Amino acid sequence: MKEIRIGLLGCGTVGTGAARILTEHADLIESRLGAGLTLKHVADIDTETDRGIRFGAGVFINDAWQVVDDPDIDIILEMIGGKTLARDLMMRAIENGKHVVTANKALLASHGNEILGAASRRGVEVAYEASVGGCMPIIKTLRESLVGNRISAMTGILNGTCNYILSRITDEGIAFETALAQAQAEGFAEADPSLDVDGLDTAHKLAILNALAYGMAINLDDIAVEGISSITPMDIAFARQFGYRIKLLAISKLREDAVEARIHPTMIPFSNPLSNVNANLNAVTVTGDAVGDVMLYGYGAGMLPTASAVVGDVVDIARNLLSNAAGRIPLFGCQPDRIRNISVMPLDEITMHYYIRFAAMDRPGVLSKISGILGNRGISIKSVQQKGRQSEGAVPIVMMTHQAREADVKAALSEISALDIVGVPPVLIRIEDENGDEES
Ligand code: HSE
């Protein structure tokens, strides 16, 4: 029986999950692979905490460099996270001719082009299914299953923490901070949870998906990113009245010679299946010219769901090694010399529907002033709702617009904000609704 040896770097949430699956399902995996997978070393700075796994003598060590330099190891699992030590270790593993499995979306989104170059030169595989959408096989779907499609759009809920927070606020009315603390306790959130709530984690994932879907070089910097921290229970309640739920969406669409790519809280109608994706679940819809829409759904975070994707990658690489076919599939799906620099459209140029909430004085002429400024910028209002006066202060006025250009909406809002009839800055939430321009 052949044996493939693995070195695991980082025994935190996902690393522990991968070690558990590899240990507990060793026989099952061997029966499917036709070879044994041996966890030769597990390296972590904390070798004291009990992970609930019985490692053999000398397996658990605290020197990750010893693991990447071990000539017996075939596959390195980089489960450390972050962009410094993880990058150095990954590059050394690649130089040493080892195949790598990672869940590190931040590293791939920031240094994916460099990693691609190093891996192709050395003829090793870098597998990263766990980096996007936890257990959902979105990387395999884009890179292999949909290889015959021209992909035109992707829309996804790609951050379990944000989805968990928004779902719990929407369904149970709990406070943002309480929901975030629970997501942290459950192990979904990043070590620095601002990466989740500010949207950057979702942007990392979209940068990777864009590269796979459109054959473009990784481009993180031009993706417009807005997080969920400004979403209030009031806006969630208004959204519900209009037939929408608010989700943090990753949206990308292939335009003529550019890509529209953005992350922001988005109102989607109840009829959109993504509106029913709750808790720490993720989902993504991919539109291809042959398949139409394909939707994947599953746990996007958490120990075992994410580790399931890691182990899937290990077995893929092991199968390629056993059949001398390493490097069979290009890292980002496209032959490296055919990857293009496709630009990402500035958000200001994109046209969408908007929800805008003003806090304004309930006085004669206020609505006409606001709608006049919007009208002068070519922004057409689809519906307006004003709540009755509860006190002497400002009242909420909610407007839904027809299709409008982002730059025009922002310019109008800054003009309106300067009026003495408007209190706090207006709230703007973008809407994705295919039927948004139909008369309701
Ligand atoms: N913090 C991430 C999330 C983990 O909440 O989705 C999975 O990438």
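Residues numbered from 1 in each chain as written. Predicted model: local features only at pLDDT ≥ 70, side-chain atom pairs only at ≥ 80, totals over all residues. Heavy atoms only, no water.

1. Examining the packing of aromatic side chains
Logical step 1: Applying the stated criterion to the full structure yields 3 aromatic pairs.
Logical step 2: Judged by centre distance (5.6 Å) and plane angle (50°), the ring pair of Tyr128 and Phe332 falls under tilted. Linking Tyr128 in the loop between β6 (126-127) and α6 (138-145) with Phe332 in the loop between α12 (303-322) and β13 (343-344), this pair joins segments that are 204 residues apart in sequence.
Logical step 3: For Phe332, a relative accessible area of 3% gives the class buried. (Phe/Tyr/Trp six-rings, centres within 6.5 Å; stacked < 30°, edge-to-face > 60°. Helix = DSSP H or I, 4+ residues; strand = E, 2+ residues; numbered from the N terminus. Buried < 20%, exposed > 50% of the residue type's maximum accessible area, 1.4 Å probe, protein only.)

2. Focus on the sheet that holds strand β1 (residues 2-9)
Logical step 1: The 6 strands lie next to each other as β3-β2-β1-β4-β5-β6, forming an open sheet whose pairing is parallel. A single partner strand is all that each edge strand has here, and the edge strands are β3 (60-61) and β6.
Logical step 2: Where strand β5 (residues 99-102) lies against β6, 2 bridges are found, and the strand directions are parallel. Bridge assignment links Val100 to a residue of β6, and that residue is Val126.
Logical step 3: In the packing of α12 onto the sheet, contacts are made with β1, β2 (35-43), β4 (75-78), β5 and β6, and the angle to β5 comes to roughly 165°. (Pairing = 2+ DSSP bridges. Contact = heavy atoms within 4.5 Å. Axes fitted to C-alpha atoms, helices over the stretch in contact; angles between N-to-C directions.)

3. Notes on the nonpolar core
Side chains of a nonpolar character, in soluble globular proteins, are inclined to be buried together.
Logical step 1: With 82 residues, the main nonpolar core has Ile94, Ile138, Leu142, Ile228, Met267 and Tyr355 as its most contacted residues.
Logical step 2: Per element, the largest residue contribution to this core is 9 residues, and it comes from helix α10 (residues 200-214).
Logical step 3: Excluding anything up to four places from it in sequence, Tyr355 contacts Asp235, Phe238, Met267, Val398, Met399, Met400, Val427, Leu428, Ile429 and Ile431.
Logical step 4: Within the second largest apolar cluster, 33 residues are counted, among which are Ile21, Val59, Phe60 and Val314. (Core = buried A, V, L, I, M, F, W, Y, C linked by side-chain atoms within 4.5 Å.)

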